Amino acid sequence: MRSMLAATLIVAGAATLAAHGAHAAPKQTAAAPPAAQTPAETAKTLAQGERQAIQSDLAWTGDYNGLINGEVSDRMIAAIKQFQTNQGHKPTGVLNPQERGQLAEAARRLQASVGWKLVSDPVTGARVGVPTRLVPQQASDANGTRWSSATGTIQVALSRRKEADVSIAKLAEQEKKEPGRKIEYSAIKPDFFVLSGTQNQKKFYIRGSFKDAEVRILTVLYDQATEGTMQPVVVAMSSAYNPFPGGVQAGPPPRKKVEYSTGTIVGADGAILADREAVEGCLSIVVAGYGPADLADRSKEHELALLRIYGASELKPLPIGGGAAKSGAVEITGVADPQSQAGGAAVTTVKAQLTAAGTTGGLVVTPPPSLGFSGAPARDAEGRFAGLTTLRLPLVAGAADGAAAQATLITADTVRSYLTGVGVKPVEGTTKDPKASVVRVICVRK
């Protein structure tokens, strides 16, 4: 644990010539191919937001325990190699699209398992990531907010207090003297301090800062039996913590006021299947060419939503049969965002590969289709429905500009189960041309 928390504080060839010729002919020289890029050089070509997202995902898988800041380091490259080794891939230090998708899916599932959520605390004004499933109980008073598990084995606290004539070193010394604390690691930086160790048989992590005579402190306490679960969570919390956020946005950028996605017609009576997240929080929903749609159902468990339009005729439901391949080549048919097609609204088909995401059991889509394809159906080589595509931006603290959307597939079995549960009988069969069953969905938010 000490090495993990210490690591969270770290900020961290010449061409050859070959001569050749024969007899009296003048000598010719030719440059050898340039040396291949090192993994670090390759990583530096990525947008900083994407490097930050990779670090965050690697922290969740337990492979990385450095600062999540988008800066390339030996620690980051070593973490990539460790992840590749764990997944049975060659440890090159460079993630190919398939491996990047596997990493994103693994991190997403781990985040979901602990209920990871980036929150702005109204009491202290600080921003922090909270594992809400591990600490579902929340209480606040004038001095801060506390989250805890039902039995108190895990506790997270944000606190604030006014204190004049203070320094970072003085604050750290005050915290060290709290009864029962045994310090295993401490670091004093110009604008914050970190302490970790044990306290009354629990592990603890403390990060404190002050500004304008106000002290703000994050404290995490957890039983040693939960250390395996809490280690990556604490790394994520440390990097997500912003005691004085000002204008910095916690988490992904705000949702667009107008967002485009793809809907799949699944019933001749106007039933349309959509990605739940794409139609979350809409003031109104419009299906292009048909008009307003009602949000009939949404399921966080399945990540699906059911829309209904009324008065439309000659709708062509997409066959949602079973038996599609679980991996390999697929074709995805959707309606790209207008910005991706010069303001157009054409239905297009793109090719991709499905890959099982290691031990997580999910299906990764590589390369990800463009924005607007969230909710688009995928078919295998035989024209069988393979599932519904979803696009997600990584959940990382701080600005995530430049982070690439990650694509996964909601499987055909999951889709069929959801439709049956909401009273929609899936159409059987296959199709080679699903374009008539695909529509653009427009979500308008406040």
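Before reading further, recall that the structure is shown in the block above.
What this report covers is the structure whose coordinates are included nearby.

Each value, and the rule that gives it
- Residues numbered from 1 in each chain as written.
- Predicted model: local features only at pLDDT ≥ 70, side-chain atom pairs only at ≥ 80, totals over all residues.
- Heavy atoms only, no water.
- Helix = DSSP H or I, 4+ residues; strand = E, 2+ residues; numbered from the N terminus.
- Buried < 20%, exposed > 50% of the residue type's maximum accessible area, 1.4 Å probe, protein only.
- Areas by Shrake-Rupley, 256 points an atom, 1.4 Å probe, with all protein chains shown as cover.
- Pairing = 2+ DSSP bridges.
- Axes fitted to C-alpha atoms, helices over the stretch in contact; angles between N-to-C directions.
- Contact = heavy atoms within 4.5 Å.
- Salt bridge = Lys/Arg side-chain N within 4 Å of Asp/Glu carboxyl O.
- Arc of directions from axis to C-beta.
- Parallel < 35°, antiparallel > 145°, perpendicular 65-115°, else oblique.
- Left-handed = near helix turned anticlockwise from the far one by under 90°.
- Nonpolar A, V, L, I, M, F, W, Y, C, P; charged D, E, K, R; others polar.
- Phe/Tyr/Trp six-rings, centres within 6.5 Å; stacked < 30°, edge-to-face > 60°.
- Lys NZ or Arg CZ within 6 Å of the ring centre and 35° of its normal.

## Side note on the overall build of the chain
Right, so step 1: Helices and strands together make up the secondary structure of the chain, namely eight helices and 24 strands.
Right, so step 2: Within the span of the chain, comprising 446 residues, buried residues form 50% of the whole.
Right, so step 3: Carbon and sulfur atoms form 52% of the exposed surface of the chain, whose accessible area is close to 20700 Å².

## Topic: the sheet that holds strand β18 (residues 328–335)
Right, so step 1: Spatially, β18-β19-β20-β23-β22-β21 is the arrangement adopted by the six strands of the closed barrel, whose pairing is antiparallel. Pairwise comparison of adjacent strand axes, ignoring direction, gives a mean angle of 40° for this sheet.
Right, so step 2: Bridge count for strand β19 (residues 347–356) against strand β20 (residues 363–366) is four bridges, and the pairing is antiparallel. Its bridge partner being in β20, Q353 is matched across the sheet by T366.
Right, so step 3: In the packing of helix α5 (residues 97–114) onto the sheet, contacts are made with β19, β20 and β23 (406–411), and the angle to β20 comes to roughly 140°.
Right, so step 4: On the sheet, helix α8 (residues 412–421) packs against β22 (385–392) and β23 and is oriented at approximately 60° with respect to β23.

## A word on the pattern of salt bridges
Right, so step 1: Per the counting criterion, the structure on display carries 24 salt bridges.
Right, so step 2: For the salt bridge of D57 with R100, the shortest nitrogen-to-oxygen distance reads 3.0 Å. Of this pair, D57 sits in helix α3 (residues 48–60) while R100 sits in helix α5, and the two are 43 residues apart along the sequence. In this pair, the class of D57 matches that of R100, namely buried.

## As for α8
Right, so step 1: Among the residues of α8, those classed as buried are A412, V415, Y418 and L419. When α8 is viewed along its axis, its buried side chains cluster within an angular range of 125° and face the same direction. Exposed residues lying more than 90 degrees from the buried face of α8 are T420 and G421.
Right, so step 2: Each element contacted by the buried residues of α8 is listed here: β13 (271–275), β16 (294–299), β17 (304–308), β22 and β23.

## Digging into the pairing of β13
Looking along a regular strand, one sees the side chains alternate between the two faces of the sheet.
Right, so step 1: In terms of burial, β13 is a largely internal element, five of the five residues being buried.
Right, so step 2: Residues A271, L273 and D275 line one face of β13 and the alternating positions I272 and A274 line the opposite face, and both faces are buried.
Right, so step 3: Summarising the sheet, strand β12 (residues 258–265) and β13 pair through two bridges and their orientation is antiparallel. Bridge pairing in β13 links T264 to L273.
Right, so step 4: Joining the antiparallel neighbours β12 and β13 is a turn of five residues, in which G270 adopts a positive phi near 105°.
Right, so step 5: Sheet topology places β13 next to β17; five bridges connect them, and they run antiparallel. Bridge pairing in β17 links I272 to L307.

## Notes on the packing of α3 against α5
Right, so step 1: Packing of α3 against α5 leaves a shortest axis separation of 8 Å and a crossing angle of 60°. Accordingly, the angle class assigned to the pair α3 and α5 is oblique. The interaxial crossing formed by α3 with α5 has left-handed handedness. Note on element contacts: α5 touches α3 through R100, L103, A104, A107, L110, Q111 and V114, opposite E50, A53, I54, S56, D57, L58 and W60.
Right, so step 2: Residue classes in the contact of α3 with α5 are distributed as nine nonpolar, two polar and three charged.

## Considering unusual backbone geometry
Right, so step 1: Between T366 and P367 the backbone carries a cis peptide bond, its omega angle lying at -10°.
Right, so step 2: Within the element layout of this structure, P367 appears in the loop between β20 and β21 (377–379).
Right, so step 3: The residue D212 is not glycine, and still its phi comes out positive at about 55°.
Right, so step 4: Mapped onto the fold, D212 is located in the loop between β10 (202–211) and β11 (214–223).

## With respect to the packing of aromatic side chains
Right, so step 1: What the rule picks out here adds up to one aromatic pair.
Right, so step 2: One Lys or Arg, R181, reaches over the ring of F204 and ends 5.4 Å from the middle of that ring.
Right, so step 3: For the cation-ring pair, R207 lies above F192, with the distance from its terminal atom to the ring centre recorded as 4.0 Å.

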